[in-house]
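# Remarks on the overall topology
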Amino acid sequence: MPDRSVLLCDVGKQRVAQLEYSEFQSAMLDEEKRRRKAAKIIAVLEHFHGPLGGLTVGDVGCSAGFIADELARAGAGHTLGIDIDVPGLRKAADRFGERVAFVCGDGTALPFPDGSVDVLVFNHIYEHVVDPDAVVAEMHRVLSDDGVLYLGLGNRLGVMEPHYKLPFLSYLPPALADRYVRAFGRADHYYERFRTRRGLRRMLRAFHVWDYTFPVLATPTRFAGGELFPGALGRVVRTVLAGMPRGVLRLLLPVVPTYLWVATKTPRRPVGAALPQPPERVRPL
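A brief structural summary. All values derive from a computational prediction rather than experimental measurement.

In this section: the overall build of the protein. Across its full length, the protein carries eleven helices and ten strands. Here the protein holds 285 residues, and the buried ones make up 50% of them.

Dropping the structure here:
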């Protein structure tokens, strides 16, 4: 399919929303991969919070709805899928509309009352939205006082850019990044805007945040992430990560490609069993 980002991204210097994202990003329609991601998300949420049974759960940036469907299957009492990707939402409603309520809505103006949602998922979305700080503020508003927000967050200093698979792409200023993706025939423009770990901490400053990045990497089978480190080499990597001093692991934090965080409005602690590499509080800015 021809790239459509030139029509959807920048108009002059004005950054506008990425509409119909699933139409030009085929990964959003990879059902097997999306359901594996959902299993990991659910495992993290259940370790932190406990079972999702009976809760109101929302997936912000749901696109074709595979993660929302898995949240519903995990026992959520009311599951919401929110996006501006109209073709993706149509596909989602056709397949999962009996289990999930899909809403065409902007993340900066979520159509829900204050404190009405128990669990929110915001998985690898922030780099795609025009104003991620406004979206985070809206999620804070609609989340209940004892609610939980799951966040999959790409790091600007991760060496390999995850969407276009070009090294150091996210390090570059926009004009140079545009030239880079055009030079390799990947797109006409580079839309995504990643932040560093420090910038992400600032973005989440209204929340209490726990970092599940190293727990998932060190014990991937516990979090439905067995494909992260397959085979004999994978077993070695898992053993090394599980036994590595946390102080050494912290030195890697600035360049870890993806952070897996759980955030709450009020102070809470994980309820799950002890892990070789336990989740840690993220120091607020």
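Once that is clear, we can look at the sheet that holds strand β7 (residues 143–154). Read across the open sheet, the eight strands follow the order β5-β4-β3-β6-β7-β9-β8-β10; overall the sheet is mixed. Unpaired on one side and paired on the other, β5 (100–104) and β10 (280–281) mark the two borders of the sheet. With four bridges joining them, strand β8 (residues 208–211) and strand β9 (residues 258–264) adopt antiparallel strand pairing. Its bridge partner lying in β9, Val209 is registered against Ala263. The sheet contacts of helix α3 (residues 31–49) involve β6 (117–123), β7, β8 and β9, and relative to β7 the element is tilted by about 140°.

Next up on the list: the nonpolar core. Formed by 43 residues in total, the largest nonpolar core has its most connected members in Phe122, Met139, Leu149 and Leu204. Among the secondary structure elements, those contributing two or more residues to this core are β4 (78–83), β6, α6 (132–142), β7, α7 (174–183), α8 (197–203), α9 (213–218) and β9. Once residues lying within four places of it in the same chain are set aside, the contact partners of Leu149 are Leu120, Phe122, Met139, Leu143, Leu204, Phe207, Trp261, Val262 and Ala263. Phe48, Leu55, Val57 and Val216 belong to the second-largest nonpolar core, a separate cluster that totals 24 residues.

Here the focus is the environment of Arg197. With respect to the helices, strands and loops of the structure, Arg197 is situated in helix α8. Every residue in contact with Arg197, bar those within four places of it in the chain, is listed here: Asn155, Asp211, Leu253, Tyr259, Trp261 and Val282.

Next up on the list: a nonpolar patch on the surface. Side chains of Val159, Phe168, Tyr171 and Val255 sit close together on the surface and give an oily, nonpolar patch of about 330 Å² of accessible area. Secondary-structure assignment places Val159 in the loop between β7 and α7. The class of Val159 is partly exposed, set by a relative accessible area of 41%.

Note on strand geometry: in a regular strand, side chains alternate between the two faces of the sheet. Where burial is concerned, most of β7 is hidden: ten out of the twelve residues are buried. Both β6 and β7 contribute to a ladder of six bridges, which runs parallel. Among the inter-strand pairings, Leu120 is bridged to a residue of β7, identified as Leu149. One ladder, built from seven bridges, connects β7 with β9; its direction is antiparallel. Bridge pairing in β9 links Leu153 to Tyr259.

Looking now at the pattern of salt bridges. Inspection of the entire model under this criterion finds 14 salt bridges. Notably, a salt bridge pairs Arg35 with Glu70, separated by 2.6 Å at the nearest N-O pair. Of the two residues, Arg35 sits in helix α3 while Glu70 sits in helix α4 (residues 66–73), which places them 35 residues apart along the sequence. Between Arg197 and Asp211 there is a salt bridge, and its shortest N-O distance comes to 3.2 Å. One end of the pair, Arg197, is in helix α8; the other, Asp211, is in strand β8, and 14 residues separate them in sequence. For Asp211, a relative accessible area of 4% gives the class buried.

Attention now goes to α7. Because the α-helix completes a turn every 3.6 residues, residues three or four places apart line up on one side. Looking only at α7, the buried set comprises Ala177, Asp178, Tyr180 and Val181. Looking straight down α7, one finds that the buried residues subtend no more than 165° of arc, so they occupy a single side. Exposed side chains of α7 directed beyond 90 degrees from the buried face belong to Ala175, Arg179 and Ala183. Trailing α7 by a residue or two, Gly185 shows a phi angle of about 65°, which is positive.

Turning to helix α5 (residues 86–96), its buried residues number three or more, namely Pro87, Gly88, Leu89, Ala92 and Phe96. Its side-chain oxygen at 3.1 Å from the backbone nitrogen of Gly88, Asp85 defines the N-terminal cap of α5.

Turning to the environment of Arg193, a few remarks are in order. By secondary structure assignment, the location of Arg193 is in the loop between α7 and α8. Relative accessible area serves as the criterion here: at 25%, Arg193 is assigned to the partly exposed category. Counting along the chain gives 61 residues from Arg193 to Pro132, while the straight-line C-alpha distance between them is 9.8 Å. A polar contact of 2.9 Å, which involves the side chain of Arg193, links it to the backbone oxygen of Tyr191.

About the criteria used
- Residues numbered from 1 in each chain as written.
- Predicted model: local features only at pLDDT ≥ 70, side-chain atom pairs only at ≥ 80, totals over all residues.
- Heavy atoms only, no water.
- Helix = DSSP H or I, 4+ residues; strand = E, 2+ residues; numbered from the N terminus.
- Buried < 20%, exposed > 50% of the residue type's maximum accessible area, 1.4 Å probe, protein only.
- Pairing = 2+ DSSP bridges.
- Contact = heavy atoms within 4.5 Å.
- Axes fitted to C-alpha atoms, helices over the stretch in contact; angles between N-to-C directions.
- Core = buried A, V, L, I, M, F, W, Y, C linked by side-chain atoms within 4.5 Å.
- Patch = residues over 30% accessible without salt bridge, like charges linked within 9 Å, V, L, I, M, F, W, Y side chains within 5 Å.
- Areas by Shrake-Rupley, 256 points an atom, 1.4 Å probe, with all protein chains shown as cover.
- Salt bridge = Lys/Arg side-chain N within 4 Å of Asp/Glu carboxyl O.
- Arc of directions from axis to C-beta.
- Polar contact = N/O pair within 3.5 Å; in protein donor to acceptor, adjacent residues only side chain to side chain.

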